[in-house]
Amino acid sequence: MKYKRILLKLSGEALMGSKNGNIDPAVLEQYCEEIKLVKDQGVQVAIVIGGGNIFRGGQAETLGIDRVQGDYMGMLATVINAMALQSALERHGVYTRLMAGIKMEQVCEPFIRRRAIRHLEKHRIVIFGAGIGNPYFTTDSTASLRAIEIQADVVLKGTRVDGVYTKDPLKFPDAVRYKSLSFQEAYEKNLSIMDMTAFTLCMENKLPIIVFDMNKKGNLLRIANGEEAGTLIS
Ligand code: UDP
């Protein structure tokens, strides 16, 4: 495997799949199968999952909810998804630990960097819930920050498209996918890869990002093995 330790960022919104509810069991199952494939190859896996299928801080004010309160609600939403993913992974016989940016002793461990690294060395999958524990951040920023802290080799951003395109591929059939980009190019072209805080953290710490299609079977394994199957930003 090309990468020994990866940080996988999964969107909460994608968990909804085609169902009306918050979590589509078929998507959860598919995530687990993909993750188990890389784990079985000895790759150390850390995961950050979003909460957009349940709540986003940005929608708080339209509901008459204070923004900061809304962000905490968003963070709690990520814990719900993280717990679902943890349970599903354990059903596949994978050992996991859930570590959160907000103290919640009954359901998870607090995030302690050295402890997270120890779990990974013991080949447990570590899921980071509750973001970084601060409002005005996103789970993309959490992914970048935690990846740097645990010295991951790469951030793998699993999405519903197979990379970064010259323009929106869903609207423009002539859009072309970039195989690789430098951080500078991505910045100058104003390509939306992650929010600016998350992007800058990766750029300044020389942490590569790969945007790839999480829905395609075997893709995560291909990426972890260094095959070209998305867009590499480095
Ligand atoms: N959030 C936050 N601080 C963090 C991480 C998340 O305040 O460190 C909140 C924020 O309101 C965000 C919500 O949690 O909108 C859910 O996360 P996100 O929108 O990143 O989820 P995704 O879009 O990946 O599903």
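Each remark here, short or long, concerns the structure printed above.
Residues numbered from 1 in each chain as written. Predicted model: local features only at pLDDT ≥ 70, side-chain atom pairs only at ≥ 80, totals over all residues. Heavy atoms only, no water.

Novice: Mind showing me how you'd approach the side chain of Glu-109 here?
Specialist: Within the secondary structure layout, Glu-109 lies in strand 4 (residues 109-110). With a relative accessible area of 16%, Glu-109 lands in the buried category. Beyond its immediate chain neighbours, meaning those up to four positions away, Glu-109 contacts Arg-97, Leu-98, Met-99, Ala-100, Arg-115 and His-119. (Helix = DSSP H or I, 4+ residues; strand = E, 2+ residues; numbered from the N terminus. Buried < 20%, exposed > 50% of the residue type's maximum accessible area, 1.4 Å probe, protein only. Contact = heavy atoms within 4.5 Å.)

Novice: Looking at this structure, how should I read the site of the ligand?
Specialist: Near the ligand lie 22 residues; those nearest to it are Gly-52, Arg-56, Asp-71, Asn-134 and Thr-139. Within the side chain of Arg-56, a nitrogen or oxygen atom sits 2.7 Å from an oxygen atom of the ligand. Between an oxygen atom of the ligand and a main-chain N or O atom of Gly-57, the distance comes to 2.8 Å. Those elements giving two or more residues to the shell around the ligand turn out to be helix 2 (67-91) and helix 4 (139-149). By residue number, the principal contributor to the shell around the ligand is helix 2, which donates 3 residues. When grouped by side-chain class, the residues that make up the shell around the ligand number 6 nonpolar, 12 polar and 4 charged. (Near = heavy atom within 4 Å. Polar contact = N/O pair within 3.5 Å; in protein donor to acceptor, adjacent residues only side chain to side chain. Nonpolar A, V, L, I, M, F, W, Y, C, P; charged D, E, K, R; others polar.)

Novice: Is there a simple way to explain the sheet that holds strand 5 (residues 125-129) in this structure?
Specialist: Strand pairing within a sheet occurs via backbone hydrogen bonds; the two strands may be parallel or antiparallel. In space, the 9 strands of this open sheet follow the order 4-3-5-2-1-6-8-9-7, with mixed pairing throughout. In the strand order of this sheet, the two ends are held by strand 4 and strand 7 (180-181), each with one partner. Across the sheet, helix 4 touches strand 1 (5-10), strand 2 (44-49), strand 5 and strand 6 (154-159), and the angle it forms with strand 1 is around 175°. (Pairing = 2+ DSSP bridges. Axes fitted to C-alpha atoms, helices over the stretch in contact; angles between N-to-C directions.)

Novice: I tried to follow helix 1 (residues 25-39) on my own but got confused; where do I start?
Specialist: The α-helix advances 3.6 residues per turn, and as a result positions three or four apart in sequence lie on the same side. Taking 1.5 Å of rise per residue, the 15 residues of helix 1 would be expected to cover 21 Å, and the 21 Å separating its terminal C-alpha atoms lies within 8% of that figure. Within helix 1 the residues assigned to the buried category are Val-27, Leu-28, Gln-30, Tyr-31, Cys-32, Glu-34, Ile-35 and Val-38. On the buried face of helix 1, the contacting elements are strand 1, strand 2, helix 2, strand 5 and helix 7 (219-224). Of the residues flanking the start of helix 1, the one acting as N-cap is Asp-24, its side-chain oxygen 2.9 Å from the backbone nitrogen of Ala-26. (Expected span 1.5 Å × (residues − 1).)

Novice: Sorry, what's going on with the state of the cysteines here?
Specialist: A disulfide bridge is the covalent bond that connects two cysteines by way of their sulfur atoms. Evaluated as defined, the whole model comprises 0 disulfides. Looking at the unpaired Cys-32, the closest cysteine sulfur is the one in Cys-108, lying at 18 Å. (Disulfide = S-S within 2.5 Å.)

Novice: Got a minute to help me understand the layout of surface pockets in this structure?
Specialist: Space inside the largest pocket adds up to approximately 1,100 Å³. Lining the largest pocket are 44 residues, with Lys-9, Ser-11, Arg-56, Asp-140 and Lys-157 sitting closest to its centre. For the lining of the largest pocket, the elements supplying multiple residues, two or more each, are helix 2, helix 4 and strand 6. Residue contributions to the lining of the largest pocket peak at 5 residues, all from helix 2. Counted by class, the lining of the largest pocket contains 13 nonpolar, 19 polar and 12 charged residues. (1 Å grid on protein atoms, 1.4 Å probe; cavity = no way out; pocket = protein on both sides within 12 Å on 5 of 7 lines; lining within 4 Å. Points joined across faces, edges and corners; volume = space filled by probe spheres on them.)

Novice: For this particular structure, what's the right way to read the pairing of strand 5?
Specialist: Sheet faces and side chains relate simply in a regular strand, where the side chains alternate between the two faces. The buried count for strand 5 comes to 5 of 5 residues, which makes it a mostly enclosed element. The side-chain alternation of strand 5 yields two buried faces, one formed by Ile-125, Ile-127 and Gly-129 and the other by Val-126 and Phe-128. Inspection of the sheet shows strand 2 paired to strand 5 by 3 bridges, in the parallel sense. Its bridge partner lying in strand 5, Ala-46 is registered against Val-126. One ladder, built from 5 bridges, connects strand 3 (residues 96-100) with strand 5; its direction is parallel. Across the sheet, the residue bridging to Met-99 is Phe-128, located in strand 5.

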